[in-house]
Amino acid sequence: MKPRRVGMARGYEEMDGANVPRPPGNTPAGGSGSGPGDSTMPGSPTSTGPTDTMASGGTMLAGVAPEFELASVSVVPDDTYTVTQAVNALGFGWFQVKLSLCVGLCWMADSMEMTILSVLGPALHCDWGISRYQQALVTTVVFLGMMLSSTFWGHLSDRYGRKPALTLCGVLLFLYGLLSSVAPSFGWLLLLRGLVGFAIGCVPQSVTLYAEFLPTKQRAKCVVLLDCFWALGACFEVALALAVTPTLGWRWLLGLSAAPLFIFAIITPWLPESARYHVTSGQSDKALNTLEQIAKDNRRPMLLGRLVVEGPSGSRGSLKALLGSSLRRTTLLLWFIWMSCAFCYYGLVLMSTELFGGKNKTIIDGAMNPEDAHGTIDCQPLATTDYMDLLWTTLAEFPGIFATIYVIEKFGRKKTMALQFLFYAGCVLMITVTEVRVFLTIILFMARGVIAGLFQAAYVYTPEVYPTALRSVGVGGCSALARLGAMATPYIAQVLFQSSIWSAVSVYGIFAASASVACMLLPYETRGADLAH
């Protein structure tokens, strides 16, 4: 007899080698889940079929070698399983490793485009003579594009899938990033960097896709480890700036920084589509194909039974649903937390450049702006030692990631984020008490590590707390508010910082302390829980 095909229900089912079919109406009282050959997923919910009579509620695995008479093995017709059960049962393996590399490359490219902002502003200030407000505008326009597009990409992902959205994102990012390197004027540069920001707004959807393929026990660690690619991209961008900017200039830096985007655009056709998306959109056959590919790559037996939807889909992709009575408090708090997180993270990145580059102030001719008296500007080119110190502070993200992995599982998501915000507030306030370069670098190192880990903790918590039907638009909405905070931060870190360091760091301290309180007010702790249905 041929092996049973997944998703087909029979009156009875013979396993390979069985020679005694189950006669109709002769079902044992305990069902078919009581033998030692029936593998049950730890911690998974029981079968959800309306006539399910399995005593143990387990889900049967194909290819499991039984230790008893095969003739006694049968499959209940309504034996069912969900995508969550399947992902947990198939475990972490080669499939997730490949996906980690693909999504990690996306994050690395995103990190490079963000890190370049801290170097591009001072370079344009010296090359084109732009003012401080114009420097801040170069950063703001990128985040404006990200904010305007985040919800758009969320809706696109929920309607057409995560894979098509990420493919389009990769192509547009490479195109606009490359065109930015040949911008003929400041106005064209602003437009192209804004379009780069619009495409970057899709990057959080890669985290959504990644989290939906991770087993519950490994999900938090893997998503946090994804930040290693972000840190790697940031370090690579600083090293690239050190090698390219002093000799070839900022145009070559922008062009070479688009290389990872080109690679990501090439590999996106091989990305898997979310099985949860396929199930909730009524494409169960495609979801089964994806799960079978996971089983094949991970060398695990495929689940037998019928794949079912995990819960009611409700209003898919609806921003209104995020503000419904059950999710309103969570959504509003997460919006403020994400806004504060981005405000503090990018503020620290920009302040680091100001602190290190401020020692190299020189006066040059050729100012573009009438507000610069006598046609001169105060240029602050970064020296080799400045780039090295920036590299050291960027490397802090790696220990910050690994510390977050430990703390997030020991104390939970909410307490971890709250403690990290408080620690960050203390670090930035210490910037005002020392001018010694070594101490300043150490303070920035600690602050950079904790805020990087905090950003990833938020990325872990948010997909976990929203149901499948609202997950993409939920992450997209939070990302949009984060961009609002990032849009405002250049005017604190680059403009206000020049007139009053104390005022600037006080703003960051207040926001961090307020966000810490917001973390503790979140109604749900998701540590150890399955993704919400």
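Residues numbered from 1 in each chain as written. Predicted model: local features only at pLDDT ≥ 70, side-chain atom pairs only at ≥ 80, totals over all residues. Heavy atoms only, no water.

Trainee: Before we go on, may I ask you to explain helix α8 (residues 227–248) in this structure?
Mentor: Residues lying three or four places apart along an α-helix face the same way, a consequence of the helix completing one turn every 3.6 residues. A rise of 1.5 Å per residue sets the reference length of α8, with its 22 residues, at 32 Å; its end C-alpha atoms lie 30 Å apart and thus fit the reference within 8%. Considering bend angle alone, the principal kink of α8 is centred on Ala241 and spans about 30°. Trailing α8 by a residue or two, Gly249 shows a phi angle of about 95°, which is positive. (Helix = DSSP H or I, 4+ residues; strand = E, 2+ residues; numbered from the N terminus. Expected span 1.5 Å × (residues − 1). Bend = angle between axes of the 7 residues up to and from the residue.)

Trainee: Teacher, can you tell me more about the nonpolar core here?
Mentor: The tendency in soluble globular proteins is for nonpolar side chains to be buried as a group. Counting residues in hydrophobic clusters, the biggest one holds 142 residues, and the most contacted among them are Met114, Tyr346, Tyr424 and Ile431. When residues of this core are assigned to their parent elements, the largest contribution, 17 residues, is made by helix α14 (residues 328–357). Not counting the four nearest positions on each side in its chain, Ile431 is found in contact with Met351, Leu355, Leu440, Ile443, Leu444 and Val505. (Core = buried A, V, L, I, M, F, W, Y, C linked by side-chain atoms within 4.5 Å. Buried < 20%, exposed > 50% of the residue type's maximum accessible area, 1.4 Å probe, protein only. Contact = heavy atoms within 4.5 Å.)

Trainee: Explain the side chain of Thr416 here, please?
Mentor: By secondary structure assignment, the location of Thr416 is in helix α17 (residues 413–430). Beyond its immediate stretch of four places on either side in the chain, Thr416 contacts Val407, Ile408 and Phe411.

Trainee: Please explain the packing of helix α4 (residues 162–180) against helix α5 (residues 186–200) as it appears in this structure.
Mentor: When two helices pack together, their arrangement is given by the angle between the helix axes and the distance between those axes. At a minimum axis separation of 9 Å, α4 and α5 run at an interaxial angle of 160°. Here α4 is positioned roughly antiparallel relative to α5, judged by the angle of their axes. Viewed along their axes, α4 and α5 form a crossing whose handedness is left-handed. Taken together, the residues of α5 that come into contact with α4 (itself represented by Cys169, Leu172, Leu173, Tyr176, Gly177, Leu179 and Ser180) are Leu189, Leu192, Arg193, Leu195, Val196, Ala199 and Ile200. Partitioned by chemical class, the residues of the contact of α4 with α5 number 11 nonpolar, 2 polar and 1 charged. (Axes fitted to C-alpha atoms, helices over the stretch in contact; angles between N-to-C directions. Parallel < 35°, antiparallel > 145°, perpendicular 65-115°, else oblique. Left-handed = near helix turned anticlockwise from the far one by under 90°. Nonpolar A, V, L, I, M, F, W, Y, C, P; charged D, E, K, R; others polar.)

Trainee: Explain the pattern of salt bridges here, please?
Mentor: Close approach of charged atoms allows side chains with opposite charge to pair. Overall, the coordinates contain 9 salt bridges when judged by the stated rule. As a salt-bridge pair, Arg448 and Glu397 come within 2.8 Å of each other at their nearest N and O atoms. Pair noted here: Arg448 is in helix α18 (residues 437–465) and Glu397 is in helix α16 (residues 397–411), with a separation of 51 residues, a long-range link. Each of the two residues, Arg448 as well as Glu397, counts as buried. As a salt-bridge pair, Glu464 and Arg413 come within 2.8 Å of each other at their nearest N and O atoms. Residue Glu464 is found in helix α18, and its partner Arg413 is found in helix α17; the two are separated by 51 residues along the sequence. (Salt bridge = Lys/Arg side-chain N within 4 Å of Asp/Glu carboxyl O.)

Trainee: Any chance you could explain the confidence of the model for the protein here in plain terms?
Mentor: Caution applies to low-pLDDT regions: their predicted coordinates should not be interpreted in detail. Residues at a pLDDT of 70 or more form 77% of the protein, whose mean pLDDT is 76. When pLDDT is averaged over each helix and strand of the protein, the minimum, 44, is found for strand β3 (residues 362–365) and the maximum, 92, for helix α20 (residues 501–520). Taken together, the stretch residues 1–77 has pLDDT below 50 and engages in 114 contacts with residues farther than four places along the chain or on a different chain. Note on residues 360–376: pLDDT under 50 across the span, and 38 contacts to partners over four residues away in sequence or across chains. (pLDDT = per-residue confidence, 0-100.)

Trainee: Sorry, what's going on with α17 here?
Mentor: The end-to-end C-alpha distance of α17, which contains 18 residues, comes to 26 Å, matching closely the 26 Å that a straight helix rising 1.5 Å per residue would cover. Within α17, the full set of buried residues consists of Arg413, Lys414, Thr416, Met417, Ala418, Gln420, Phe421, Tyr424, Ala425, Cys427 and Val428.

Trainee: Help me out: how do you make sense of the packing of aromatic side chains in this one?
Mentor: Both the distance between ring centres and the angle between the ring planes are used here to describe each pair of aromatic rings. Evaluation of the coordinates by the stated rule reveals 17 aromatic pairs. Seen from their ring centres, Phe343 and Phe511 are 4.7 Å apart, and the 35° between their planes marks the pair as tilted. Here Phe343, found in helix α14, pairs with Phe511, found in helix α20; they are 168 residues apart in sequence, far enough to count as distant. Look at Phe343 and you get buried, because its relative accessible area is 5%. Site record: aromatic cluster; members linked through ring pairs are Trp107, Phe143, Trp230, Trp338, Tyr345, Tyr346 and Phe455. The side chain of Lys410 reaches across the aromatic face of Phe411, ending 6.0 Å from its centre. (Phe/Tyr/Trp six-rings, centres within 6.5 Å; stacked < 30°, edge-to-face > 60°. Lys NZ or Arg CZ within 6 Å of the ring centre and 35° of its normal.)

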